[in-house]
Amino acid sequence: MAFMDQSAVSLAPGSLEALIAQRDLNVHFQPIVSVATGRVLAYEALSRGPRDSRFSSPLAMFQTARGRGLLASLERVCRERAFERWVETGLDELLFLNVSPEVLIDPAHISGQTLQLLSDHGLTPSQIVIEITEQSPGIDPELMAEAAEHYQSMGFSIALDDLGDGYAGLRLWSQLNPDYVKLDRHFVAGVDRDRVKRRFVRSIIDIAHSLGSRVVAEGVEREEELDTLLELGADYCQGWLFARPEPAPHRSRDVLDSRLVALAASRRPAAAATEIRRLCVPLPALMATLSIGEAAERFSRLPEANALAVVDEQGVPAGLLGRRQLMALLGNRFGFDLYGRQSIDKVMQRRALCVEAGEPLERVSRKVTGRDDSTRDEDFIITDGGRYLGIGHVINLLQLFTEQQVQIARQANPLTQLPGNRPIRAALEHYRGQARPFVACYLDLDHFKPFNDRFGYAMGDQMILTLARVLSDAAGRNDFLGHLGGDDFILLFNDDSRLQSKLSRIQRCFRDESLQLLPESERQAGGFHAKDRFDQWRFFPITRLSITALRVPPTARIDNFGDLWSRFKGAAKRAENGRVVVTVRTNSDEIPR
């Protein structure tokens, strides 16, 4: 019986062994972006087998490698090809590199293979983010944490992938100290339409920020998802909305940059929002190569500084060095002799809170107060486009936030606490100036005065509060709701998709909830008796919500929204469904529809 040569079997055409030996892999890169700044943070390297082969799917390729004990060999080739292709692009952003847990804790991997590969291609650990992929069963989390800490000590950053995907991921997160956490795409898909997902995402983001990690939302495909994620506080996004994975991302970089600039411009906070830029104290930064002794001398020349940022050659923050921390180190006997010549990157706080200058005050306040007790009072770093801008003091943040809350309270309706006349005018100006279509709705109640007279002001207030609650539930995170006074409300929608259905649902919800305020006899009768304006008793139908909605295109010029609403308010009240939708044309002709 003839025996086939074993090497021929292992390197059979199309086999995984042949793919590894011949390094027959394609590498695509997908950007990770900051919409708030309009910039690219990093690219993730994604390896694929040959096209039209059974390994063209990354999932199939890595599953086969794991089952045949070839995972370490396959990932070594993936790293080699990723570094080669990345250098060819000429891009200088961070590179996210996927590594499986069992490979990360492999002694051969830890011993320095990746460092040597980096050196061969002219790269440094500070340019690489090691992204720990799916959690494999049987991996010891404590061993994983030791491996991650080992890489961080060498200058690598660590990212944890698919956060929220099962108990194992959350358990590993609790034991690791990742620089980035990637939100599982399950929570991203449709997050704008799913209240439960939004609660999960907000909780995950708040926890991540309290631990000093930054959140990357994966799988972003729609602008509505993006808007919700930004509102919830996600730091970075990745997905087809920005770019699909491609082998030569530098060729389409101009297109991506233009897209990000447009997205950032269209999502700038309203004029009423307070940017964190106002709190920036322009203290000089420290270079990461500075010695502890030199840093102490810098502090002696800046008596007002509680902490100074540590930055790299590009001005990107690498950490924060506190005065108390430094003095405690050098204040001991022989402290200067022991530590004075060491580099500050050995003692600085690497997980300092960094916020963008354009972020709203409320979002930054949530990040600061979400930190644990030991770091809650620490200064934070303010950046502009990812580059160091200055230092923010927590006491100034709290003072400004308190002032803003007082100002909001002064301008709010005293009954509903919703924004009043001045904020409504500011919101209308903002919506008009953002060069995007929107819908401006005027809402009031039919037969509210007779209801108020018949059942008393306390019951009338309950009716108003019921309407405010219904409208608040209907307003999206990027919509605006204001209370002019009495039973008059303003609701601004960012888009007009499914508008009739949306308005109908609001009216239906109000009808169902407001009916509970009426006595059973009036509910059965479909109305109530009260005096009219002529002081005559007559029957009034159950109070109904009327809506006058204006579809406003970007090119429309409206001098006075109140005049337009007044013109069509009667039509809404006469309409059988209690609403009218008007399309505003650029030539000032309005067509009820």
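Residues numbered from 1 in each chain as written. Predicted model: local features only at pLDDT ≥ 70, side-chain atom pairs only at ≥ 80, totals over all residues. Heavy atoms only, no water.

### Brief notes about the sheet that holds strand β12 (residues 354–356)
Where strands meet in a sheet, backbone hydrogen bonds hold them as pairs that are either parallel or antiparallel.
Point 1. Ordered by their spatial adjacency, three strands build an open sheet running β12-β13-β14, and the pairing between neighbours is mixed. Looking at strand neighbours, the two that pair on one side only are β12 and β14 (387–392), the edges of this open sheet. When strand polarity is set aside, the average angle formed by the axes of neighbouring strands in this sheet is 35°.
Point 2. Relative to strand β13 (residues 380–384), β12 runs parallel, the two being bridged by three bridges. What sits directly across from E356, in β13, is T383. (Pairing = 2+ DSSP bridges. Helix = DSSP H or I, 4+ residues; strand = E, 2+ residues; numbered from the N terminus. Axes fitted to C-alpha atoms, helices over the stretch in contact; angles between N-to-C directions.)

### Looking at the nonpolar core
Point 1. Formed by 70 residues in total, the largest nonpolar core has its most connected members in L74, V220, L226, L229 and F242.
Point 2. Here this core gets seven residues from one element, more than from any other, and that element is helix α4 (residues 71–89).
Point 3. Discounting residues that sit within four places of it in the chain, L74 has contacts with L19, I20, L25, M61, F62 and A65.
Point 4. In this structure, M463, L471, L517 and I547 belong to the second largest nonpolar core, which totals 31 residues. (Core = buried A, V, L, I, M, F, W, Y, C linked by side-chain atoms within 4.5 Å. Buried < 20%, exposed > 50% of the residue type's maximum accessible area, 1.4 Å probe, protein only. Contact = heavy atoms within 4.5 Å.)

### Some thoughts on the state of the cysteines
Point 1. Applying the stated criterion across every chain yields a total of zero disulfides.
Point 2. Take C441: it sits in no disulfide, and the sulfur closest to it among the cysteines is that of C509, at 15 Å. (Disulfide = S-S within 2.5 Å.)

### Remarks on helix α18 (residues 421–433)
Point 1. The terminal C-alpha atoms of α18, which comprises 13 residues, lie 19 Å apart, in line with the 18 Å expected from a rise of 1.5 Å per residue.
Point 2. All buried positions along α18 are accounted for by P423, I424, A427, L428 and Y431. The buried residues of α18 occupy an angular sector of 140° when the element is viewed end-on, so they sit on one face. Exposed residues pointing more than 90 degrees away from the buried face of α18 are listed as R422, R425 and G433.
Point 3. A435 occupies a position one or two residues after α18 and carries a positive phi of about 55°. (Expected span 1.5 Å × (residues − 1). Arc of directions from axis to C-beta.)

### Structural notes on unusual backbone geometry
Point 1. Of note, H447 is a non-glycine position whose phi angle comes to about 65°, a positive value.
Point 2. Its location among the elements puts H447 in the loop between β15 (438–446) and α19 (448–455).
Point 3. Given a relative accessible area of 30%, H447 falls into the partly exposed group.
Point 4. Notably, D535 is not glycine yet its phi reads approximately 65°, a positive angle.
Point 5. Among the secondary structure elements, D535 is positioned in the loop between β18 (527–531) and β19 (537–541).
Point 6. For D535, a relative accessible area of 48% gives the class partly exposed.

### Side note on the pairing of β15
Each regular strand carries side chains that alternate between the two faces of the sheet.
Point 1. In terms of residue burial, β15 counts as a mostly covered element, since nine of its nine residues are buried.
Point 2. The pairing of β15 with strand β20 (residues 544–552) spans nine bridges and is antiparallel. Note that in β20 the partner of F438 across the bridge is V552.
Point 3. With five bridges joining them, β15 and strand β17 (residues 488–493) adopt antiparallel strand pairing. The residue of β17 that forms the bridge with A440 is L492.

### Some words on the sheet that holds strand β10 (residues 307–311)
Point 1. In space, the three strands of this open sheet follow the order β9-β10-β11, with mixed pairing throughout. The open sheet is flanked by β9 (286–287) and β11 (317–322), the only strands paired with a single partner.
Point 2. Packed on one face of the sheet, helix α13 (residues 292–300) meets β9, β10 and β11 and runs near 65° to β11.
Point 3. Sheet strands in contact with helix α14 (residues 323–330) are β10 and β11, and its direction is about 65° off that of β11.

### Considering the environment of E102
Point 1. The topology assignment puts E102 in helix α5 (residues 101–104).
Point 2. A C-alpha to C-alpha distance of 9.9 Å links E102 and I132, two positions 30 residues apart in sequence.
Point 3. A polar contact is formed between the side chain of E102 and the side chain of R66, at a distance of 2.7 Å. (Polar contact = N/O pair within 3.5 Å; in protein donor to acceptor, adjacent residues only side chain to side chain.)

### Digging into a negative patch on the surface
Point 1. A cluster of acidic residues, D140, E142, E146 and E149, forms a negative patch at the surface.
Point 2. Structurally, the position occupied by D140 is in the loop between β4 (128–132) and α7 (141–153).
Point 3. A relative accessible area of 38% means that D140 is categorised as partly exposed. (Patch = residues over 30% accessible without salt bridge, like charges linked within 9 Å, V, L, I, M, F, W, Y side chains within 5 Å. Areas by Shrake-Rupley, 256 points an atom, 1.4 Å probe, with all protein chains shown as cover. Salt bridge = Lys/Arg side-chain N within 4 Å of Asp/Glu carboxyl O. Lys, Arg positive; Asp, Glu negative; His and termini not counted. Charge placed at Lys NZ, Arg CZ, Asp CG, Glu CD.)

### Digging into empty space enclosed by the protein
Point 1. Going through the model one piece at a time under the given rule, you end up with one cavity of 30 Å³ or more.
Point 2. Broken down by secondary-structure element, the contributors of at least two residues to the lining of the largest cavity are α10 (195–210) and α16 (361–369).
Point 3. Grouping the amino acids of the lining of the largest cavity by side-chain chemistry returns two nonpolar, two polar and four charged. (1 Å grid on protein atoms, 1.4 Å probe; cavity = no way out; pocket = protein on both sides within 12 Å on 5 of 7 lines; lining within 4 Å. Points joined across faces, edges and corners; volume = space filled by probe spheres on them. Nonpolar A, V, L, I, M, F, W, Y, C, P; charged D, E, K, R; others polar.)

### With respect to the packing of α13 against α14
Point 1. Contact geometry of α13 with α14 gives a least axis separation of 11 Å together with a crossing angle of 125°. Looking at the two axes, α13 sits oblique to α14. Viewed along their axes, α13 and α14 form a crossing whose handedness is left-handed. Counted together, I292, A295, A296 and F299 of α13 and R323, L326, M327, L329 and L330 of α14 form the full contact between these two elements.
Point 2. Among the residues forming the contact of α13 with α14, the class breakdown is eight nonpolar, no polar and one charged. (Parallel < 35°, antiparallel > 145°, perpendicular 65-115°, else oblique. Left-handed = near helix turned anticlockwise from the far one by under 90°.)

### Examining the pattern of salt bridges
In a structure, side chains of opposite charge can pair up when their charged atoms sit close to one another.
Point 1. One pass over the full model with this rule turns up 32 salt bridges.
Point 2. Linking E80 and R23 is a salt bridge whose minimum nitrogen-to-oxygen distance equals 3.1 Å. Here the residue E80 occupies a position in helix α4, and R23 occupies one in the loop between α2 (16–22) and β1 (26–34), the gap between them amounting to 57 residues.
Point 3. Under the relative-accessibility criterion, R23 is labelled partly exposed at 28%.
Point 4. For K531, the salt bridge identified is with D535, shortest N-O distance 3.4 Å.
Point 5. When salt bridges with common partners are traced through the structure, they connect R23, R76, E80, R81 and E84 into a single cluster.

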